[in-house]
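What follows is the residue order along each chain.
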Amino acid sequence: PAIRLADNVSTIGLLRSFWLAFTIFLGFELIVGFEQTEPEEEISLGMDGTQVVLLDGPQDLVLWTILAVINASFRQELRHKFKMTQGGTTFFQDCLLHCCCGCCAITQEA
């Protein structure tokens, strides 16, 4: 997701460099990922045998929310660049979209 999002953001000129955007998003996702996988008892198997990492506590929820707000902010900038509806309601919708399916939102922005 970091590559696609960095390309989206740098292509429309929200950040000057692809590598700057890539570093910001990958770094933040790594921090969230490491924070979530520290204790072993958090990891369980999903229905299809894949590992599912559950939120450990309020700090994980806060980090996850911050990442969604950052991504929604960039989406609002996209809305501004393309003269689409923007504001409080659309910002909330964008946050929910990134919380529920961030990869889908990033792909849609491409």
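Quantities reported herein were computed from a predicted structural model and do not represent experimental measurements.

Visitor: I tried to follow the confidence of the model for the chain on my own but got confused; where do I start?
Guide: Reading predicted coordinates in detail is not appropriate for stretches of low pLDDT. The pLDDT averaged across the chain works out to 77; a share of 76% of its residues lies at or above 70. When mean pLDDT is compared element by element in the chain, helix α4 (residues 88-109) scores highest at 87, while strand β1 (residues 43-45) scores lowest at 50.

Visitor: What is the right way to read the packing of helix α3 (residues 58-81) against α4 from this model?
Guide: Viewed as axis vectors pointing N to C, α3 and α4 meet at an angle of 85°, and their least axial separation amounts to 8 Å. Taken together, the axis directions place α3 and α4 in an arrangement best described as roughly perpendicular. Contacts from Trp 64, Ala 68, Val 69, Asn 71, Ala 72, Ser 73, Arg 75, Gln 76, Leu 78 and Arg 79 of α3 reach α4 at Thr 90, Phe 91, Asp 94, Cys 95, Leu 97, His 98, Cys 99, Ala 105, Gln 108 and Glu 109. The residue makeup of the contact of α3 with α4, split by class, is 10 nonpolar, six polar and four charged.

Calculation rules
- Residues numbered from 1 in each chain as written.
- Predicted model: local features only at pLDDT ≥ 70, side-chain atom pairs only at ≥ 80, totals over all residues.
- Heavy atoms only, no water.
- pLDDT = per-residue confidence, 0-100.
- Helix = DSSP H or I, 4+ residues; strand = E, 2+ residues; numbered from the N terminus.
- Axes fitted to C-alpha atoms, helices over the stretch in contact; angles between N-to-C directions.
- Parallel < 35°, antiparallel > 145°, perpendicular 65-115°, else oblique.
- Contact = heavy atoms within 4.5 Å.
- Nonpolar A, V, L, I, M, F, W, Y, C, P; charged D, E, K, R; others polar.

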